[in-house]
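The residues making up each chain are set out below.
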Amino acid sequence: MNILEESWSSFSADIASRYLKTFGAPSLESKALLVDVLRDLSGGRSLKLIELGCGNGQLAEYFRAQALDFSYLGVDFSEPLLNAGRQMFAGDPAISFIHDDVQSLGLINGRFDIAIYSHVIEMLSSPEASLQSSRRLADKIVIRFFEPPEADLTTVELRDLNTGKPESGFVPYLRWTMGRDFYRLILAKLGAKRVDIYRTQTKDQVHVLHFD
Amino acid sequence: MSRETVTVTPPSLFGNFRERKTARQSLRSLFLRIALPLRLAKRLAKRLVRGL
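Residues numbered from 1 in each chain as written. Chains lettered and ligands numbered in written order. Predicted model: local features only at pLDDT ≥ 70, side-chain atom pairs only at ≥ 80, totals over all residues.

In terms of helices and strands, chain A carries seven helices and nine strands. Against the globule reference of 17 Å for 212 residues, chain A gives a C-alpha radius of gyration of 16 Å, in line with a compact fold. Counting only C-alpha atoms, chain A reaches 50 × 45 × 35 Å along its principal axes. Residue burial in chain A is summarised as follows: out of 212 residues, 40% are buried. Within chain A, residue pairs in contact and separated by at least 24 positions form 66% of the contacts whose partners lie at least 6 positions apart. (Helix = DSSP H or I, 4+ residues; strand = E, 2+ residues; numbered from the N terminus. Rg over C-alpha atoms; globule rule 2.2 N^0.38 Å. Buried ≥ 20, exposed ≤ 12 C-beta atoms within 10 Å, placed from the backbone. Contact = placed C-beta atoms within 7 Å.)

Shown next, in the form of structure tokens:
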């Protein structure tokens, strides 16, 4: 287990089930925007979604609450978060979870309409590697940014993640601020043809990467 | 001592970004641009009439 995987697996079962629901700081506006974007992209048909870095599946829960028509595969390397998701959706055949590395996605087969990164891409060890992998599986990629890729320079920092567990306390995680040129280079190498940018009143943005 | 000249080609950067709005955002923006000023104008007109 690498250091990042260890960090994201440090949550207690209780915190894992509450992560980004009541624990953490979810942005509701961009979450609602994401649903609207997916609805617009669906053209009225059911969407086959894969979420990279799905955590406890709180986004799928939100999609259900908003009556979005979809099937869903959540991918993460944090077993406590995945278990919380599996418990939440036990018996729901349209929603499943798999333990895999979102950098390589080596265990996943099949084709998806849309790959989703929701407040995740800024915390991966290689956003580029993950995007290359998800591109192999999905027709479009939708990214919800909490740190939009508009900086002059690209920086990556080591930060403290609050696990909510007294014994482990704070553990390290990565936090990217992607520069404009860095992002544009990744998109060029990825073979993107067009990117639609949706803004919110807050800093959050939703990008839709088109490849056709 | 040998010297080698290397030509560096800058990588091509992606450039096709489009600012978009969802249907809900477009409606909201239309409301803010048209309906809201109209409502304010109506309210102002009423006050003016009352004041006369």
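The subject of this paragraph is helix α3 (residues 28–42) of chain A. All names here are of chain A. A rise of 1.5 Å per residue sets the reference length of α3, with its 15 residues, at 21 Å; its end C-alpha atoms lie 21 Å apart and thus fit the reference within 8%. Burial in α3 covers these residues: S30, K31, L33, L34, V37, L38 and R39. Next to the buried residues of α3 lie β1 (47–52), α4 (58–65), β4 (112–118), β5 (138–145), β8 (194–199) and β9 (205–210). After α3 finishes, the residue G43 shows a positive phi value of roughly 60°. (Expected span 1.5 Å × (residues − 1).)

The subject of this paragraph is the interface of chain B and chain A. The extent of an interface is frequently quoted as the accessible surface area lost upon association of the parts. Every contact between the two is made by 14 residues of chain B and, on the other side, 16 residues of chain A. Breaking the side of chain B that touches chain A down by element, the ones donating at least two residues are β1 (17–20) and α1 (23–51) of chain B. Top element by residues in the side of chain B that touches chain A is β1 of chain B. It accounts for four residues. Broken down by class, the residue content of the side of chain B that touches chain A amounts to five nonpolar, four polar and five charged. (Nonpolar A, V, L, I, M, F, W, Y, C, P; charged D, E, K, R; others polar.)

Now for the sheet that holds β9 of chain A. Sheet strands line up and pair through hydrogen bonds in the backbone, either parallel or antiparallel. Reading across the sheet, the eight strands line up as β3(A)-β2(A)-β1(A)-β4(A)-β5(A)-β9(A)-β8(A)-β1(B) and stay open at both edges, with mixed pairing between neighbours. The outermost strands of the open sheet, each flanked by one partner alone, are β3 (95–99) of chain A together with β1 of chain B. This sheet shows a mean twist of 20° between the axes of neighbouring strands, independent of strand direction. Relative to β1 of chain B, β8 of chain A is paired through four bridges, and the arrangement is parallel. Paired with V195 of chain A across the bridge in β1 of chain B is F17 of chain B. Packed on one face of the sheet, helix α5 (residues 79–88) of chain A meets β2 (70–76) and β3 of chain A and runs near 165° to β3 of chain A. (Pairing = 2+ DSSP bridges. Axes fitted to C-alpha atoms, helices over the stretch in contact; angles between N-to-C directions.)

What follows concerns helix α6 (residues 127–137) of chain A. All names here are of chain A. Taken as a whole, α6 has its buried residues at P127, S130, L131, S133 and S134. End-on, the buried residues of α6 take up no more than an arc of 165°, which puts them together on one face. For α6, the secondary structure elements touched by its buried residues are β1, β4, β5, β7 (170–177) and α7 (180–190). (Arc of directions from axis to C-beta.)

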